[in-house]
Amino acid sequence: MKKIFAFLVLTTSTALSVLVFAGMPVIDGANLINNKISHIATIAKWVENIAQLKTQITQLKEQVSIQGQLRNWTGNPADVAKLLSLGILSESDLMRDYGLSRNDIARATQSLDTLSRTDGNTYRSVYVPDLNGGAVAHDPLTYRRHALLDARTDNTRTVTDKTRARERELQEEIALTLSELRGGSTDAQVQKLTAKLIVLNGQLSQIETTRRRQVDEVILQKIANDNRRETEQLAAAELASKDGYIANQRVGTFMRSINPRKHVR
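Note that the structure is predicted; figures quoted are calculated from it, not measured.

Calculation notes
Residues numbered from 1 in each chain as written. Predicted model: local features only at pLDDT ≥ 70, side-chain atom pairs only at ≥ 80, totals over all residues. Heavy atoms only, no water. Helix = DSSP H or I, 4+ residues; strand = E, 2+ residues; numbered from the N terminus. Buried < 20%, exposed > 50% of the residue type's maximum accessible area, 1.4 Å probe, protein only. Contact = heavy atoms within 4.5 Å. Areas by Shrake-Rupley, 256 points an atom, 1.4 Å probe, with all protein chains shown as cover. Salt bridge = Lys/Arg side-chain N within 4 Å of Asp/Glu carboxyl O. Patch = residues over 30% accessible without salt bridge, like charges linked within 9 Å, V, L, I, M, F, W, Y side chains within 5 Å. Axes fitted to C-alpha atoms, helices over the stretch in contact; angles between N-to-C directions. Parallel < 35°, antiparallel > 145°, perpendicular 65-115°, else oblique. Left-handed = near helix turned anticlockwise from the far one by under 90°. Nonpolar A, V, L, I, M, F, W, Y, C, P; charged D, E, K, R; others polar. Expected span 1.5 Å × (residues − 1). Bend = angle between axes of the 7 residues up to and from the residue. 1 Å grid on protein atoms, 1.4 Å probe; cavity = no way out; pocket = protein on both sides within 12 Å on 5 of 7 lines; lining within 4 Å. Points joined across faces, edges and corners; volume = space filled by probe spheres on them. Core = buried A, V, L, I, M, F, W, Y, C linked by side-chain atoms within 4.5 Å.

1. What to know about the overall build of the chain
Turning to step 1, where the next piece is worked out: A count of helical and extended segments in the chain gives six helices and zero strands.
Turning to step 2, where the next piece is worked out: Secondary structure elements of the chain occur, N-terminal to C-terminal, as α-α-α-α-α-α.
Turning to step 3, where the next piece is worked out: Sorting the 265 residues of the chain into buried and exposed places 17% on the buried side.
Turning to step 4, where the next piece is worked out: Relative to all contacts within the chain whose residues are 6 or more apart in sequence, the contacts with residues 24 or more apart total 76%.
Turning to step 5, where the next piece is worked out: Of the roughly 20600 Å² that the chain leaves accessible, carbon and sulfur atoms contribute 60%.

2. Brief notes about the pattern of salt bridges
Turning to step 1, where the next piece is worked out: Using the criterion set out here, one finds 17 salt bridges in the structure.
Turning to step 2, where the next piece is worked out: Here Arg-107 makes a salt bridge to Asp-104, at a shortest N to O gap of 2.8 Å. Taken as a pair, Arg-107 and Asp-104 lie in helix α4 (residues 102-108) at a separation of three residues, close to a single helical turn.
Turning to step 3, where the next piece is worked out: Judged by its relative accessible area of 31%, Asp-104 is partly exposed.
Turning to step 4, where the next piece is worked out: A salt bridge links Arg-228 to Glu-232; the nearest nitrogen and oxygen atoms lie 3.5 Å apart. Note that Arg-228 and Glu-232 are positioned in helix α6 (residues 187-257) at a spacing of four residues, about one turn of the helix.
Turning to step 5, where the next piece is worked out: Given a relative accessible area of 34%, Glu-232 falls into the partly exposed group.

3. As for a nonpolar patch on the surface
Turning to step 1, where the next piece is worked out: Residues Val-215, Ile-219, Leu-220 and Ile-223 make up a contiguous nonpolar surface patch of about 350 Å² in total accessible area.
Turning to step 2, where the next piece is worked out: Within the element layout of this structure, Val-215 appears in helix α6.
Turning to step 3, where the next piece is worked out: Among the residues examined, Val-215 registers a relative accessible area of 37% and is labelled partly exposed.

4. Thoughts on the packing of helix α5 (residues 140-182) against α6
Turning to step 1, where the next piece is worked out: Remark: α5 packs on α6, axes separated minimally by 9 Å, with the N-to-C direction vectors making an angle of 165°. Between α5 and α6, the angle falls in the class roughly antiparallel. Between α5 and α6 lies a crossing of left-handed hand.
Turning to step 2, where the next piece is worked out: Looking at side-chain class alone, the contact of α5 with α6 contains 15 nonpolar, 14 polar and 14 charged residues.

5. Looking at α5
Turning to step 1, where the next piece is worked out: Spanning 43 residues, α5 covers 61 Å between terminal C-alpha atoms, matching the ideal 63 Å at 1.5 Å per step.
Turning to step 2, where the next piece is worked out: When the local axis directions of α5 are compared, the greatest deviation, roughly 25°, occurs at His-146.

6. Brief notes about the layout of surface pockets
Turning to step 1, where the next piece is worked out: The calculated volume of the largest pocket comes to roughly 190 Å³.
Turning to step 2, where the next piece is worked out: What lines the largest pocket is a set of 14 residues, among which Tyr-98, Leu-100, Ser-101, Arg-213 and Gln-214 lie closest to the centre.
Turning to step 3, where the next piece is worked out: The element contributing the most residues to the lining of the largest pocket is α6, with four residues.
Turning to step 4, where the next piece is worked out: Residues that form the lining of the largest pocket fall into these classes: three nonpolar, five polar and six charged.

7. Some details on the nonpolar core
Turning to step 1, where the next piece is worked out: Counting eight residues, the largest nonpolar core consists of Tyr-98, Val-159, Leu-170, Ile-174, Leu-197, Leu-200, Leu-204 and Ile-207.
Turning to step 2, where the next piece is worked out: Elements represented by at least two residues in this core include exactly α5 and α6.
Turning to step 3, where the next piece is worked out: With four residues, α6 is the largest single contributor of residues to this core.

Below is the structure:
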């Protein structure tokens, strides 16, 4: 009986102890230690990355400093753009237009002005009255091509005068720049003066191209006028031939209609 009671007591106490420990939280010490170790490793990587970034930033600063020193010695290419603010190299000068455009000339030209145009008394005026002192009614379209040629010739002279004046200014500036280039003491100064010479020579080439283009306009207008005159002469010859044929047919018909043999009985 005592043995049975002792067994029951032992069993009951064991069950109670199990119930008591089942209600308490269990702490996994090994897992906690592993998490701390992983967190410490992550922080260590962060520290290492930050140190690398600081090293890269320091290297970049050194490179920028070296480039700055080189530019101070050899010259900064970006400074060449500042030369455009100078009077001789201003943007308005580089993009300057000379004379009138083709459309402006065609719009402003008066056809019959070419009849009274003497070009500084080089030609005589052909705009004269008839024997009775009356004005001759000329067809404006007939003389418009000649008026355009005269207007383009005048425009070419204007462009030539303006470009010649600008050409002299550029040549003087080139001579001055060459003198400064021979006396250049630093590479930076030599580079800037060389860039300036390139721009000046480019502008000289642009001016010469503009002048030639205006001369070409006059030549092309003269060619167009000659071609038009030949076209009109050919059309007039064909019209005269056709009119002559029709006139011969009409004369033949008329002569047959008055044939005296038909009236003889």
